[in-house]
Amino acid sequence: MRHNTDTQRDFSVGKVWKNITAQAVPLTIAQLVQLLYNIVDRIYIGHLPDVGSLALTGVGITFPITSLILAFANLFGTGGAPLFSIARGAREEEKAKKIMGNVFTMILITSVVLMAACYVFRVPILYLFGASDSTIVYAESYLSIYLFGVLFSMVVTGMNGFISALGFPGIAMWTTVIGAVLNLILDPIFIFGLSLGVQGAAAATVISQCVSAIWVIHFLTAGRTELKLRLSFMKLRGRIVLDVVSLGVSGFMQQATNCLVQIVCNVTLQHYGGDLYVGIMTIINSIREIASLPVTGISSGGQPVLGYNYGAKRPDRVKEGIRFMAITGIIYTAFIWLVIETFPAAFIRIFSSDYETLEYGVRAVRLYFFGFVFMSLQFMGQSTFVGLGKAKRAVFFSILRKVVIVVPLTVLLPMLMGLGTDGVFIAEPISNLIGGLACFLTMYFTVYRKL
């Protein structure tokens with residue numbers, strides 16, 4: 001039994017697809033459960049009597065801020081975990097411990113700064129991000145409570161990847177399962193039982209994230225692994241900080257550009273369609289997060305396997321891993337695209353029973369998800385660059401798809417040929433096609449064929 005457990009944590013042995021799957025399945029489940037923190041909130045809020053649509057729109061206005069917080073967690077987590085895996089593969093345990101300790105320190109410092117800044121300027125920020133006089137009360141009420149959980153959220157997002165990189169994806173899965181189950185229990189109690197509405201949803205999320213953060217810290221400091229989080233390794237070291245941030249910029253840009261796109265979409269939709277279409281975009285973002293989970297799970301699960309084998313000088317296994325990730329991702333996204341295009345109304349009803357939202361939302365969902373399969377190419381190319389420590393290329397393609405393609409199209413298309421709100425939703429499939437192909441083909445010719 002001991003031998004089998006150790007073998008599972010050595011990614012240079014066994015079938016590559018099994019190693020990736022062993023990482024990806026619990027990670028996907030963990031990410032699904034993680035989504036429940038917000039998804040369940042949106043479901044309950046969207047069905048609040050009389051005010052559900054406005055309340056859901058108000059919560060949707062806060063997405064850019066929560067995305068920005070997640071971006072900083074990814075800056076350190078997605079930068080540190082691959083370097084941690086490479087150090088493990090090269091048997092440099094002292095370096096691996098320093099990487100993990102430095103990431104934790106950066107998360108602590110950044111979370112305090114973000115919480116304070118966002119709280120002080122929350123109202124003008126929310127108006128800037130697309131809130132109206134009708135929705136600001138719900139957005140501000142939710143955000144005021146949510147910000148008290150920034151530290152917990154960043155610890156969970158930024159440090160849970162180290163548990164997976166240590167070879168304990170099941171423990172990483174339980175990080176989010178525990179918190180999400182607690183959130184499921186607390187949400188109806190706080191929202192309806194105590195009549196707290198959106199504030200109750202935010203409070204339930206904060207408490208749940210706190211419990212998950214305690215779970216992560218406990219395992220990394222007292223779990224059954226030799227590479228533990230220790231105070232002696234938390235002193236910031238310039239070289240490690242620079243390496244982590246350089247590699248993590250890709251994960252940061254992916255979330256930060258999501259934040260930028262959400263802001264531009266909300267503001268543009270508010271101008272052309274009002275609160276109704278901002279609410280529809282909130283629902284679409286929720287559907288996209290759920291639909292993309294398996295492909296993000298595969299890419300996240302593949303990163304430590306690719307990084308470990310790259311550090312262990314096994315290029316044949318790295319190539320095998322890339323092939324498996326690409327084929328699996330393409331098949332899945334093609335399937336889920338067909339399902340969403342066939343049953344768009346069913347997905348909308350999960351979040352709202354409002355007649356107008358359903359009537360106008362069906363067309364928006366079909367436009368937005370058209371060509372969803374090309375998104376998998378972006379994920380696979382991006383995760384390969386990150387897993388192998390090629391930060392500059394990963395950063396470039398993060399910026400290309402969102403900043404260079406999506407944002408300009410979101411602003412310009414509504415003004416062209418009278419597209420209006422349709423132009424906002426059409427910008428996404430165009431960016432998936434151009435950005436996805438560019439990222440994947442570059443990875444294939446500059447990395448895969450040279451391994």
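Each value, and the rule that gives it
Residues numbered from 1 in each chain as written. Predicted model: local features only at pLDDT ≥ 70, side-chain atom pairs only at ≥ 80, totals over all residues. Heavy atoms only, no water. Helix = DSSP H or I, 4+ residues; strand = E, 2+ residues; numbered from the N terminus. Rg over C-alpha atoms; globule rule 2.2 N^0.38 Å. Buried < 20%, exposed > 50% of the residue type's maximum accessible area, 1.4 Å probe, protein only. Contact = heavy atoms within 4.5 Å. Areas by Shrake-Rupley, 256 points an atom, 1.4 Å probe, with all protein chains shown as cover. Lys, Arg positive; Asp, Glu negative; His and termini not counted. Charge placed at Lys NZ, Arg CZ, Asp CG, Glu CD. Salt bridge = Lys/Arg side-chain N within 4 Å of Asp/Glu carboxyl O. Core = buried A, V, L, I, M, F, W, Y, C linked by side-chain atoms within 4.5 Å. Expected span 1.5 Å × (residues − 1). Bend = angle between axes of the 7 residues up to and from the residue. Phe/Tyr/Trp six-rings, centres within 6.5 Å; stacked < 30°, edge-to-face > 60°. Disulfide = S-S within 2.5 Å. Axes fitted to C-alpha atoms, helices over the stretch in contact; angles between N-to-C directions. Left-handed = near helix turned anticlockwise from the far one by under 90°. Nonpolar A, V, L, I, M, F, W, Y, C, P; charged D, E, K, R; others polar. Polar contact = N/O pair within 3.5 Å; in protein donor to acceptor, adjacent residues only side chain to side chain. Patch = residues over 30% accessible without salt bridge, like charges linked within 9 Å, V, L, I, M, F, W, Y side chains within 5 Å. pLDDT = per-residue confidence, 0-100.

## Section: the overall build of the protein chain
- When helices and strands are counted, the protein chain shows 19 helices and zero strands.
- The C-alpha atoms of the protein chain give 21 Å as radius of gyration, which agrees with the globular expectation for 451 residues (22 Å, within 12%).
- Across its three principal directions, the C-alpha atoms of the protein chain cover 60 × 45 × 40 Å.
- Per-residue burial for the protein chain yields a buried fraction of 59% across its 451 residues.
- When contacts within the protein chain are restricted to residue pairs at least 6 apart in sequence, those whose partners lie at least 24 apart make up 82%.
- Of the roughly 17,900 Å² of accessible surface on the protein chain, a fraction of 69% belongs to carbon and sulfur atoms.
- Averaging the positions of the 33 positive and the 22 negative side-chain charges in the protein chain gives two centres separated by 15 Å.

## Details of the pattern of salt bridges
- By the definition in use, this model includes six salt bridges.
- Residue Arg401 is joined to Glu428 by a salt bridge in which the shortest nitrogen-to-oxygen separation is 3.5 Å. Linking Arg401 in helix H18 (residues 391-412) with Glu428 in helix H19 (residues 421-446), this pair joins segments that are 27 residues apart in sequence. Like Glu428, Arg401 is buried.

## Describing the nonpolar core
- Counting residues in hydrophobic clusters, the biggest one holds 128 residues, and the most contacted among them are Phe84, Met159, Leu220, Ile284 and Phe425.
- Sorting elements by how many residues they give to this core places helix H11 (residues 238-272) first, with 11 residues.
- Contact partners of Met159, with chain neighbours within four places excluded, come to Met100, Val103, Phe104, Ile107, Met154, Val216 and Leu220.

## Focus: helix H9 (residues 169-193)
- A rise of 1.5 Å per residue sets the reference length of H9, with its 25 residues, at 36 Å; its end C-alpha atoms lie 36 Å apart and thus fit the reference within 8%.
- At Leu186, H9 is bent by approximately 30 degrees, the largest bend along its length, and proline Pro188 sits one to four residues beyond.
- Of the residues trailing H9, Ser195 is marked for its positive phi of about 55 degrees.

## Remarks on the packing of aromatic side chains
- Per the counting criterion, the structure on display carries 17 aromatic pairs.
- Aromatic side chains Tyr277 and Phe425 sit 6.4 Å apart centroid to centroid with 35 degrees between the ring planes, which places their arrangement in the tilted category. Here Phe425 lies in helix H19 and Tyr277 lies in helix H12 (residues 275-291), a separation of 148 residues in the sequence. Summarising the burial analysis for this pair, Tyr277 and Phe425 share the class buried.
- A ring pair is formed by Phe385 and Phe397, whose centres lie 6.0 Å apart and whose planes are at 5 degrees; its orientation type is stacked. Here the residue Phe385 occupies a position in helix H17 (residues 374-387), and Phe397 occupies one in helix H18, the gap between them amounting to 12 residues.
- The exposure class assigned to Phe397 is buried, which follows from its relative accessible area of 6%.

## Topic: the environment of Pro408
- Inspection of the secondary structure puts Pro408 in helix H18.
- Judged by relative accessible area, Pro408 falls into the partly exposed class, the value being 32%.
- Each C-alpha atom of the pair Pro408 and Val295 lies 26 Å from the other, and the pair is 113 residues apart in sequence.

## Brief notes about helix H7 (residues 136-146)
- Among the 11 residues in H7, nine count as buried, and that is most of the element.
- Among all positions of H7, only Ile136, Tyr138, Ala139, Glu140, Ser141, Tyr142, Leu143, Ser144 and Tyr146 are buried.

## Concerning the state of the cysteines
- Under the defined criterion, the tally for this structure stands at zero disulfides.
- We note that Cys118 lacks a disulfide partner, and the nearest cysteine sulfur, in Cys259, lies 9.3 Å from it.

## Description of the packing of H12 against helix H14 (residues 315-342)
- Between H12 and H14, the shortest axis-to-axis distance is 11 Å and the interhelical angle comes to 145 degrees. Like other packed secondary-structure pairs, H12 and H14 cross with a definite hand, here right-handed. Seen from H12, the contacting residues are Ile287, Ile290 and Ala291; seen from H14, they are Tyr332, Ile336 and Ile340.
- When the residues that make up the contact of H12 with H14 are grouped by side-chain class, the tally is six nonpolar, no polar and no charged.

## Digging into the side chain of Thr296
- When you line up the elements, Thr296 lands in helix H13 (residues 293-311).
- A relative accessible area of 16% means that Thr296 is categorised as buried.
- Reaching out from Thr296, the side chain makes a polar contact with the backbone oxygen of Leu293 at a distance of 2.7 Å.
- Other than its neighbours up to four places away in sequence, Thr296 contacts Gln31 and Phe379.

## Structural notes on a nonpolar patch on the surface
- A surface patch of nonpolar side chains, amounting to about 570 Å² of accessible area, comprises Ile430, Leu433, Ile434, Leu437, Leu441, Tyr444 and Phe445.
- Here Phe445 lies in helix H19.
- Note on Phe445: relative accessible area 46%, which makes it partly exposed.

## Quick look at the confidence of the model for the protein chain
- Per-chain confidence: the protein chain averages 86 in pLDDT, with 96% of residues scoring 70 or above.
- Confidence, expressed as mean pLDDT per element, reaches its minimum in the protein chain at helix H1 (residues 2-9) with 42 and its maximum at H19 with 93.

## With respect to the environment of Pro414
- One can find Pro414 in the loop between H18 and H19.
- Linking Pro414 and Val362, residues 52 residues apart in sequence, is a C-alpha distance of 18 Å.
- Setting aside residues no more than four positions away along its own chain, Pro414 makes contact with Thr268, Tyr272, Leu409, Leu419, Gly420, Gly423 and Val424.

## Quick look at unusual backbone geometry
- With a phi angle near 55 degrees, Ser195 is a residue other than glycine that sits in the positive phi range.
- For Ser195, the location among the structural elements is in the loop between H9 and helix H10 (197-222).
- Positive phi, close to 60 degrees, is recorded for Lys313, a residue that is not glycine.
- With respect to the secondary-structure elements, Lys313 resides in the loop between H13 and H14.
- For Lys313, a relative accessible area of 69% translates into the label exposed.

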